[in-house]
Amino acid sequence: MRQLVTGGAGFIGSHLVEALLKEGHEVRVVDSLITGRRSNLDTFYKDIEFIEGDLANPEIARKAVQGVDCIFHEAAVPSVPRSVETPLLTQHNGEIALLNVLTEAVAAGVRRVVLAASSSAYGDTPTLPKVETMPSSPRSPYAASKLACEGYLSAFAHSYPIDTVSLRYFNVFGLRQDPGSPYSGVIAKFTTVMKKGERPVIYGDGKQTRDFCYIANAVQANLLAMRHHNPLKGGVFNIGYGRQTSLNELVRVLNRLFGTSLEPVYQPSRAGDVRDSLADISKAVGVLGYCPTHDLESGLREFLAQSE
Ligand SMILES: NC(=O)c1ccc[n+]([C@@H]2O[C@H](COP(=O)([O-])OP(=O)(O)OC[C@H]3O[C@@H](n4cnc5c(N)ncnc54)[C@H](O)[C@@H]3O)[C@@H](O)[C@H]2O)c1
């Protein structure tokens, strides 16, 4: 079976590519390299088909989906602050790219599209844990874009002969996550600076919490979504670990793993960031059979060992 990973040169996409190859699938990747890197695919580049191009161009989307069983749509510019600065860029690589993929996927007879959705759709509502039935409340153009994409997935599953499912990732971390930009994920940034003996920067008081989800858990959820026998009909599933960790606690765990005692540097909080986040994963557990294998600490240990 041939599977397509859009955004496959990115962090999560490259792990999916690796896992699909291990399962014996043929894998095609399409990526514009706007945030991803070809080097993320170095170790298995010879085993995949790579299309460099922007999915906001319908021709690229058409070429990418031909002969494909399932599409893992990871492509996006995944940054809250960047979306606040340039919302049209977020829309171009979000809704526009997705609509091309969906339209061409229907025409090509693709069986299922699995979307990389985001917990940011919940916004900053105080109730925790977040359950899929709660109302959404996007607080950034990024969150609004991700929510619109979920809407299109549901609409396409109900309007055309294609099945779709949205996986709302909570904070995913692991190898190949880009630490280098001001928009990078917090674990990628903290581990990079703390490894060098430098103090990590926290925006806010550090008491804000996240549900950190190791990459192996996110990959597992995607493979389960691909294999699921019944139609998922645009359903939305939280994909996290199901535990809340403050950024201050994250720094403490990293200090323990590195054998350091670095104090964070506190700076003013950023626009669009949510205060607290925690996933209720019971729907994914019950319907998809999701069973996360790594908690924060075991995920961090594996990640740090791999990045040595
Ligand atoms: N990392 C997380 O914690 C997290 C959390 C929630 C949701 N997500 C979602 O998961 C997906 C993957 O995130 P990631 O962390 O791996 O980010 P990433 O930036 O490493 O990967 C995104 C990839 O998409 C590519 N891309 C972007 N626009 C494109 C376009 N128009 N055409 C072709 N390729 C394009 C980029 O070049 C990049 O390789 C994103 O959709 C993101 O919104 C990630």
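We now turn to the structure provided with this report. Just so it is clear, the structure is predicted and the values come from calculations on it, not from any experiment. (Residues numbered from 1 in each chain as written. Predicted model: local features only at pLDDT ≥ 70, side-chain atom pairs only at ≥ 80, totals over all residues.)

Attention shifts here to the overall build of the chain. When its secondary structure is counted, the chain shows ten helices and 13 strands. Whereas a compact globule of 308 residues would reach a radius of gyration of roughly 19 Å, the chain reaches 18 Å, a difference of no more than 12%. Across its three principal axes, the chain shows a C-alpha extent of roughly 55 × 45 × 40 Å. Buried residues in the chain amount to 49% of all 308 residues. Nonlocal contacts in the chain, meaning residues at least 24 apart in sequence, comprise 78% of its contacts between residues at least 6 apart. (Helix = DSSP H or I, 4+ residues; strand = E, 2+ residues; numbered from the N terminus. Rg over C-alpha atoms; globule rule 2.2 N^0.38 Å. Buried ≥ 20, exposed ≤ 12 C-beta atoms within 10 Å, placed from the backbone. Contact = placed C-beta atoms within 7 Å.)

Counting buried residues in strand β6 (residues 163–169) gives seven out of seven residues, a clear majority hidden from the surface. Burial of the side chains of β6 extends over both faces: D163, V165, L167 and Y169 are buried on one face and T164, S166 and R168 on the other. As paired strands, strand β5 (residues 112–118) and β6 are joined by seven bridges and run parallel to one another. Following the sheet pairing, V113 is matched in β6 by T164. In this view, the connection linking β5 to its parallel neighbour β6 by way of helix α5 (residues 141–159) has right-handed handedness. By the bridge criterion, five bridges tie β6 to strand β11 (residues 235–239) in an arrangement that is parallel. (Pairing = 2+ DSSP bridges. Right-handed = clockwise from strand over helix to strand, strands pointing away.)

Our next topic: the sheet that holds β6. Taken together, seven strands build an open sheet; the order of strands is β3-β2-β1-β4-β5-β6-β11 and the sheet is parallel. Single-partner strands in this sheet number two, and they are β3 (49–52) and β11. Within this sheet the neighbouring strands show an average axis-to-axis angle of 20 degrees, counted without direction. The sheet strands contacting helix α7 (residues 215–227) are β4 (70–73), β5, β6 and β11, and the helix crosses β6 at an angle near 165 degrees. (Axes fitted to C-alpha atoms, helices over the stretch in contact; angles between N-to-C directions.)

Taken together, the neighbourhood of the ligand is formed by 30 residues, with G7, G10, G36, A76 and A116 sitting nearest. Counting residues per element, the ones that place at least two in the shell around the ligand are α1 (11–22), β2 (26–31), α4 (87–108) and β5. Counting residues per element, the shell around the ligand draws most heavily on α1, at three residues. (Near = placed C-beta within 6 Å.)

Turning our attention to the nonpolar core. The biggest cluster of nonpolar side chains holds 88 residues, and the ones touching the most others in it are I71, V114 and L167. Considering each element in turn, this core owes the most residues, nine residues, to α5. The residues contacting V114, other than those within four sequence positions of it, are C70, I71, F72, H73, V165, L167, N222, A225 and M226. (Core = buried A, V, L, I, M, F, W, Y, C linked by C-beta atoms within 7 Å.)

Before going further, it helps to spend a moment on unusual backbone geometry. Of the consecutive residues L128 and P129, the connecting peptide bond is found in the cis state with omega at -5 degrees. Mapped onto the elements of the fold, P129 is located in the loop between β5 and α5. Although it is not a glycine, R176 adopts a positive phi angle of roughly 75 degrees. Here R176 shows up in the loop between β7 (172–173) and α6 (186–195). For R176, a count of 22 C-beta atoms within 10 Å gives the class buried. Unusually for a residue other than glycine, K233 sits at a positive phi of about 50 degrees.

Before going further, it helps to spend a moment on the environment of I202. Within the secondary structure, I202 sits in strand β8 (residues 201–203). In this structure the C-alpha to C-alpha distance between I202 and L33, which are 169 residues apart in sequence, comes to 28 Å. Dropping the residues within four chain positions of it, I202 is found in contact with L247, P264 and Y266.

The next subject is the packing of α6 against helix α8 (residues 247–258). Helices that pack against each other are described as a pair by the angle of their axes relative to one another and the distance between those axes. Between α6 and α8, the shortest axis-to-axis distance is 11 Å and the interhelical angle comes to 40 degrees. Comparing the axis directions of α6 and α8 gives the class oblique. When you trace α6 past α8, the crossing you get is right-handed. Counting all contacts with α6, which are made through V186, F190, T191, M194 and K195, the residues of α8 involved are L247, L250, V251, L254 and F258. A breakdown of the residues in the contact of α6 with α8 according to their chemical character gives eight nonpolar, one polar and one charged. (Parallel < 35°, antiparallel > 145°, perpendicular 65-115°, else oblique. Left-handed = near helix turned anticlockwise from the far one by under 90°. Nonpolar A, V, L, I, M, F, W, Y, C, P; charged D, E, K, R; others polar.)

Our focus in this paragraph is the environment of Y169. Inspection of the secondary structure puts Y169 in strand β6. When the 26 C-beta atoms within 10 Å are taken as the criterion, Y169 is described as buried. In the structure, Y169 is positioned 57 residues away from R112 in sequence and 18 Å away in space, judged by C-alpha atoms.

For helix α2 (residues 58–65), the complete set of buried residues consists of I60, A61, A64 and V65. Projected down its long axis, α2 carries its buried residues within an arc of 120 degrees, all on one side. Residues of α2 that are buried make contact with β1 (2–6), β2, β3, β4 and α4. Within two residues after α2, G67 carries a phi angle of roughly 70 degrees, on the positive side. (Arc of directions from axis to C-beta.)

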